[in-house]
Amino acid sequence: MSHFDVNKDIQQVEECVAFLRERLSFIPPIVIQLGTGLGDLALQVQPTLILPYSTIPHFPAATVSSHVGNLIAGHLHGVPVLVLHGRFHCYEGYSAKEVAFPIRILSQLGVRILIVTNAAGGLNPAFTPGSIMIMNDHLNLLGDNPLRGPNVESWGPRFPDFSVPYDPKLIALAQMCAHACKLQNIVTGTYACIPGPSLETPAETRWLRGCGADAVGMSSIPEIIVARHAGLKVLGLSVIANVNSPDQMQPIILEDIIAAATAAGPQLERLLIAIIQSTKGAIDDTQTT
Ligand code: HPA
């Protein structure tokens, strides 16, 4: 017997969607999810509504102290956005489905583009701490998938295609904006998502690099899988907080990761603002597909 209760899933999504529909006067096409050390962008949003996750029906409760939990609706430099300030992680004990619940809700509300930010460890030796990696592929090593269990056909297909997981036009736009903002440290690459919370051993670091990963982290992939399942376009930006080399492993300390991500924050903010100000074309495209 499956332990999945699809009717309960549907009911929870419907209750949450109805709750938010009542409170949001309109649904911006873009949602930005802010990761570790990257929350300052939220301060630049002119909010029309701030909802703590704890007040939203069926949202999981955030447990990590470096993450606040607010859904913000407002304008970022004149562009309407939703911001998920704070996220959930599998290492906190949530399933991938629970982690991705907010994205399921926002996709049902009609959001068209998901932009995620996170902090990650670099594996590509050409990367340096402070590099911003535009995600162009991923390895889901969570041992979980938010789409496990009965599929709800109205949410998306049973076997969603992942041959082009990250939107090529948004990647090109991000590269163009990085150039226009004169940002030096912009790279692209594959993000490996591990469950954590233990960090990588030297052998795991060597193995991940051998598997084609350019960076490793513990977040974002459940949300990205649900977003793609629902037909959203996805852009992922990883701040490379540290660079790990299997033959010269250094201790990886959370405070250092947060400090490095925070230091790269202003560059990431400039990039994000430039991107959302020029997403108009990409949004028009999504409305015809
Ligand atoms: N490994 C996993 N997750 C991380 C790292 C790392 O080195 N740095 C930031 N998040």
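Each chain carries its own residue numbering, running from 1 in the direction its sequence is written. Totals for whole chains, interfaces and linings use every residue, but because this is a predicted model, local features are given only for residues with pLDDT of at least 70 and side-chain atom pairs only at 80 or more, for both listing and counting. Excluding hydrogens and water, the side-chain values take into account all heavy atoms of the structure.

If you check the shell around the ligand, you find Ala119, Ala120, Gly121, Leu199, Glu200, Val216, Gly217, Asn242, Asn244, Ile252 and Ile257 and nothing else. In protein, a polar contact means a hydrogen-donor-capable atom and an acceptor-capable atom, both N or O and within 3.5 Å, with residues adjacent in sequence counting only if both atoms are side-chain atoms; elsewhere, any N or O pair within 3.5 Å suffices. In this structure, a nitrogen atom belonging to the ligand sits 3.2 Å away from a main-chain N or O atom of Gly121. At 3.5 Å from a nitrogen atom of the ligand is found a main-chain nitrogen or oxygen belonging to Val216. Protein contact buries 95% of the 260 Å² of open area that the ligand shows by itself. Any residue with a heavy atom lying within 4 Å of a molecule or strand is counted as near it. Note that accessible areas follow from Shrake-Rupley with a 1.4 Å probe, and for residues the cover is restricted to the protein chains shown.

Each helix is a run of DSSP H or I of at least 4 residues and each strand a run of E of at least 2, with the numbering of both proceeding from the N terminus. In this fold, Thr117 is placed in strand β5 (residues 113–122). Ignoring any residue separated from it by four or fewer positions in sequence, one finds Thr117 in contact with Gln33, Leu34, Gly35, Leu38, Arg87, Ser220, Leu237, Leu268 and Leu272. In this analysis, two residues are considered to be in contact whenever any of their non-hydrogen atoms come within 4.5 Å of each other.

Time to look at helix α3 (residues 101–109). For every residue, the accessible area obtained with a 1.4 Å probe (protein chains only) is divided by the maximum for its type, and the residue is called buried under 20%, exposed over 50%, and partly exposed between those limits. With respect to burial, α3 is a largely interior element, eight of its nine residues being buried. For α3, the complete set of buried residues consists of Phe101, Pro102, Ile103, Arg104, Ile105, Leu106, Ser107 and Leu109. One or two steps after α3, the chain reaches Gly110, where phi turns positive at roughly 115°.

Our next topic: helix α4 (residues 168–180). Between its terminal C-alpha atoms α4 stretches 18 Å, which fits the 18 Å expected from 13 residues at 1.5 Å a residue. The set of residues buried in α4 consists of Leu170, Ile171, Leu173, Ala174, Cys177 and Ala178. Across the axial projection of α4, the buried residues extend over an arc of 160°, all falling on one side. Among the exposed residues of α4, those pointing more than 90 degrees away from its buried face are Pro168, Lys169, Met176, His179 and Ala180. Two residues or fewer after α4 comes Lys182, characterised by a positive phi angle close to 60°. Expected helix span is given by 1.5 Å per residue-to-residue step, counting one fewer step than there are residues. Here, the arc refers to the directions that run from the helix axis to the C-beta atoms.

Take the state of the cysteines next. To count as a disulfide, a pair of cysteine sulfur atoms needs to be within 2.5 Å. Scanning the model with the defined rule gives zero disulfides in all. There is no disulfide at Cys16, and the cysteine sulfur nearest it, in Cys90, is 19 Å away. Between Cys90, a cysteine without a disulfide, and Cys193, which holds the nearest cysteine sulfur, the sulfur-to-sulfur distance is 6.8 Å. Accessibility expressed as a relative area gives 17% for Cys90, which makes it buried.

In this section: the pairing of strand β6 (residues 132–140). When DSSP finds two or more bridges between two strands, those strands count as paired. Where β6 and strand β7 (residues 186–193) come together, eight bridges link them in parallel fashion. Of the residues in β7, the one forming a bridge with Leu139 is Ala192.

Here we come to the pattern of salt bridges. Two side chains carrying opposite charge are able to pair once their charged atoms lie near each other. The working definition used for a salt bridge is a side-chain nitrogen of Lys or Arg within 4 Å of a carboxyl oxygen of Asp or Glu. Inspection of every chain in the model, using the stated rule, returns five salt bridges. Of the charged contacts, one joins Arg23 and Glu22 as a salt bridge, the two residues approaching to 3.5 Å between their closest N and O atoms. One salt bridge in this structure joins Glu223 and Arg87, with 3.6 Å as the shortest N-O distance. Of this pair, Glu223 sits in helix α6 (residues 221–229) while Arg87 sits in the loop between β4 (79–85) and α2 (96–99), and the two are 136 residues apart along the sequence. Take Glu223 and Arg87: they sit in the same class, and that class is buried.

Moving on to unusual backbone geometry. The omega torsion across Gly196 and Pro197 is 0°, close enough to zero to call that bond cis. When you line up the elements, Pro197 lands in the loop between β7 and α5 (202–210). Not every positive phi belongs to a glycine, and Lys182 is a case in point at roughly 60°. Located in the positive-phi region is Ser220, a residue other than glycine, with phi close to 75°. Among the secondary structure elements, Ser220 is positioned in the loop between β8 (215–217) and α6.

Let us look at the nonpolar core. If you look at the biggest cluster of nonpolar residues, it comprises 90 residues, and the most contacted ones within it are Leu20 and Ile32. Sorting elements by how many residues they give to this core places helix α7 (residues 254–277) first, with 11 residues. Filtering out sequence-adjacent residues up to four positions away, Ile32 remains in contact with Leu41, Leu76, Val81, Leu82, Val83, Leu84, Ile115, Leu272 and Ile276. Nonpolar cores are built from buried Ala, Val, Leu, Ile, Met, Phe, Trp, Tyr and Cys residues. Side-chain atoms within 4.5 Å join them into one set. Ranked by size, the runner-up nonpolar core spans seven residues in total, among them Ile194, Leu208, Ala213 and Met218.

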